[in-house]
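For reference, the chains in residue letters:
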Amino acid sequence: MRSLIVLALALAAARPAPAAVPKVVTDFAPIQSLVMQVMGDLGTPEMLSQPGSDPHSFTLKPSQAGALAKADVIFWDGPELMPALDSAIKALGVKALSVPLLDEGGGKTRTFSDGQTIDPHAWLDPTNAQAWLGTIATTLSKLDPDHATTYAANAAQAEDALKTLDAQLTKELAPARGKPIVEFHDAMGYFAAHYGLNIIANIELGDAAKPSAGRLAELRQTLVGGGAVCVFPEAGRDPRYINVVTAGTGTRIGAPQDPAGVMLTEPPTADFYGKLLTDLAKTISDCIAGPKP
Ligand SMILES: [Zn+2]
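Residue numbering note: each chain is counted from 1, following its sequence as written. Owing to the predicted nature of the model, reporting of local features is limited to residues with pLDDT of at least 70; listing and counting of side-chain atom pairs is limited to 80 or more, with chain, interface and lining totals taken over all residues.

Considering soluble globular proteins, one finds that nonpolar side chains tend to be buried as a cluster. We define the nonpolar core as any set of buried residues of the types Ala, Val, Leu, Ile, Met, Phe, Trp, Tyr and Cys, connected via C-beta atoms lying within 7 Å of each other. Each residue is classified by how many other C-beta atoms fall within 10 Å of its C-beta atom, where C-beta atoms are placed from the backbone; a count of 20 or more means buried, 12 or fewer means exposed, and values in between mean partly exposed. Core analysis: the biggest nonpolar cluster contains 73 residues, and Leu34, Val35, Val38, Ile74, Phe75, Leu133 and Ile136 have the highest contact counts within it. A domain assignment, automatic or from a database, supplies the domain bounds used here. Structurally, this core is a two-domain feature, drawing no fewer than three residues from each of domain 1 (24-170) and domain 2 (175-289).

Lines fitted to C-alpha atoms define the axes, with helix axes restricted to the stretch in contact, and inter-axis angles between N-to-C directions lie between 0 and 180 degrees. Secondary structure elements follow DSSP: runs of H or I of four or more residues count as helices, runs of E of two or more count as strands, with numbering from the N terminus. Relative orientation of the contacting elements helix α6 (residues 126-143) and helix α7 (residues 148-172) amounts to 175°, with a least axis distance of 9 Å. With respect to α7, the axis of α6 lies roughly antiparallel. For the pair α6 and α7, contact is made by Pro126, Ala129, Gln130, Leu133, Gly134, Ile136, Ala137, Leu140 and Ser141 and by Ala148, Tyr151, Ala152, Asn154, Ala155, Ala158, Glu159, Leu162 and Asp166, respectively. Residues were grouped as follows: Ala, Val, Leu, Ile, Met, Phe, Trp, Tyr, Cys and Pro as nonpolar; Asp, Glu, Lys and Arg as charged; and all remaining residues, including Gly, as polar. Broken down by class, the residue content of the contact of α6 with α7 amounts to 12 nonpolar, 4 polar and 2 charged. Roughly parallel here means an angle under 35 degrees, roughly antiparallel means over 145, roughly perpendicular means 65 to 115, and every remaining angle is called oblique. Contact criterion: two residues are in contact if their C-beta atoms, reconstructed from the backbone, are within 7 Å.

On to helix α9 (residues 213-226), then. Each α-helix winds once per 3.6 residues, and so residues spaced three or four apart point in a common direction. Between its first and last C-alpha atoms α9 spans 20 Å; for 14 residues at 1.5 Å apiece the expected length is 20 Å, and the two agree. Gly227 lies just past α9 and shows a positive phi near 65°. Helix span, as expected, comes to 1.5 Å for every residue beyond the first.

On domain assignment, one finds that the chain holds domain 1 (24-170) and domain 2 (175-289). Between the C-alpha centres of domain 1 and domain 2 the distance comes to 24 Å. Breaking the side of domain 1 that touches domain 2 down by element, the ones donating at least two residues are α2 (29-39), α6 and α7. The leading source of residues in the side of domain 1 that touches domain 2 is α2, at 7 residues. Here the side of domain 1 that touches domain 2 is built from residues that sort into 15 nonpolar, 12 polar and 5 charged.

Here it is, written out as structure tokens:
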């Protein structure tokens, strides 16, 4: 028995050290889900946003500085969505490889409806997520070449699943194509461009700008003039404006949308990204279809 143990120890010592899976940090739920799909059973990334918090108002807790300091790589949307994370990475002198997917993920970028500022909500275009899966796999493979085939296989599988989902959602949203709709905040540009949706107005302009009374009156005009079929509240944001704007217009109010996962009560799982797109598509297809007879 003792000799067996000695032999086992000798063998263990002779074997090369197992390849270290990189320590990965992500910013918020959609990106966490995509990275989880690529890492699979090899490890779990650490998400900085608390489940259910709004990425727009992200601040780094002092206790999270350690996670950033220890990380090998940070996958995040970029400084446009989370300026506080950008500042923290710079201020802390973080050594981890920083991969802002909006700029370096290989997907498309758009501007907000003002046509000027870069719109960071790029995860809402599933072709961007497909490109990002590839970038995540390539980046992890460089840091951890021993698991390169696993990262590549996981990413390929995730991309295939996403293509299948995208085809289903394209079909589901076909009746909504071109129908005038109004969104709560200017987050849905990527989703709309990809699925041919016609957003005629956003109640909040840009991120976190509260509409004035004048702006609400103007919106009401746009709604009526543009023949808006549906307006969508947003999870975690004050729906009061919606009622003010739509009262007496005949525009239907859809189910609240959650483009960033602010309604999560637990850490996201790998399948979260697909659910996010599925749920968004359902709010739109349900509202466009109108009340069930
Ligand atoms: Zn936003």
